[in-house]
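Read off the chains here:
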Amino acid sequence: LGLTPDKKRLVAADAAGLVKVADVAGRETLGSATHPGGVRGVIVSPTGDTFVTHGADRVVSVWPLADPAALKPARSWPLPVAVNGAAYTPDGR
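What comes next is a walk through the structure. Every chain is numbered independently, its residues counted from 1 as its sequence is written. Local features are withheld for residues below a pLDDT of 70 in this predicted model, meaning they are given only at 70 or higher, and side-chain atom pairs are given and counted only at 80 or more; totals for whole chains, interfaces and linings count all residues. The basis for the side-chain values is all heavy atoms of the structure; hydrogens and waters are excluded.

### Things to note about the overall build of the chain
Helix and strand labels come from DSSP, where a helix needs a run of H or I of at least four residues and a strand needs a run of E of at least two; each type is numbered from the N terminus. A tally of regular secondary structure across the chain gives 0 helices and 8 strands. In sequence order, the secondary structure elements of the chain are arranged as β-β-β-β-β-β-β-β. Taking 93 residues into account, the globule formula puts the C-alpha radius of gyration at 12 Å, and the chain, at 12 Å, falls close to it. Projected onto its principal axes, the C-alpha coordinates of the chain cover approximately 40 × 30 × 20 Å. Note on method: radius of gyration uses C-alpha positions; expected globular size equals 2.2 Å times residues raised to 0.38.

Okay, here's the thing in structure tokens:
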């Protein structure tokens, strides 16, 4: 799970790879997509405009939060090793 800094959106993902963005106040799903290899972790940026998923498929993906209804990765990196954690810098990089 990840929460945007303004606490308006919740990002959730499961081991099967389903990624959802929800409106906290309205308690409704705004968009969903799939990280194909399953998700091990979700990190929301400190700026609240993107989030990262990393999965069992050794892929790290960055997703924009500007339009959750059109949720898809903006960029992905296949890595030669498994990723067990990730972090943003305080300025959102």
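Picking up where we left off.
### A closer look at the sheet that holds strand β5 (residues 39–44)
Strand order across the open sheet formed by 4 strands is β5-β6-β7-β8, with antiparallel pairing between neighbours. Looking along the sheet, the strands with just one partner apiece sit at the ends: β5 and β8 (75–78). Taking each pair of neighbouring strands and ignoring which way they run, the sheet shows an average axis angle of 15°. For two strands to pair, DSSP has to find at least two bridges joining them. Inspection of the sheet shows strand β7 (residues 59–64) paired to β8 by 4 bridges, in the antiparallel sense. When the sheet's bridge partners are listed, S61 is paired in β8 with S76. Note on definitions: angles span 0 to 180 degrees between N-to-C directions of axes, and those axes are lines fitted to C-alpha atoms, for helices only across the stretch in contact.

### Concerning the nonpolar core
Here, the term nonpolar core denotes a set of buried Ala, Val, Leu, Ile, Met, Phe, Trp, Tyr and Cys residues that are joined through side-chain atoms within 4.5 Å. Type-normalised accessible area, obtained with a 1.4 Å probe on protein chains alone, sets the label of each residue: buried when under 20%, exposed when over 50%, and partly exposed for intermediate values. One finds V11, V19, V21, A33, V39, V42, V44, F51, W63, L65 and L71 forming the largest nonpolar core, which totals 11 residues. Elements that contribute at least two residues to this core include exactly β3 (18–23) and β5. If one sorts the elements of this core by residue count, β5 sits on top with 3 residues. Contacts are residue-level and defined by heavy atoms, with any inter-residue pair within 4.5 Å sufficient. Sequence-distant contacts of V44, that is, excluding residues within four places in its chain, are made with G2, L3, T4, V11, T50, F51 and Y88. Formed by 6 residues, the second largest nonpolar core is a distinct cluster that contains I43, V52, V60 and Y88.

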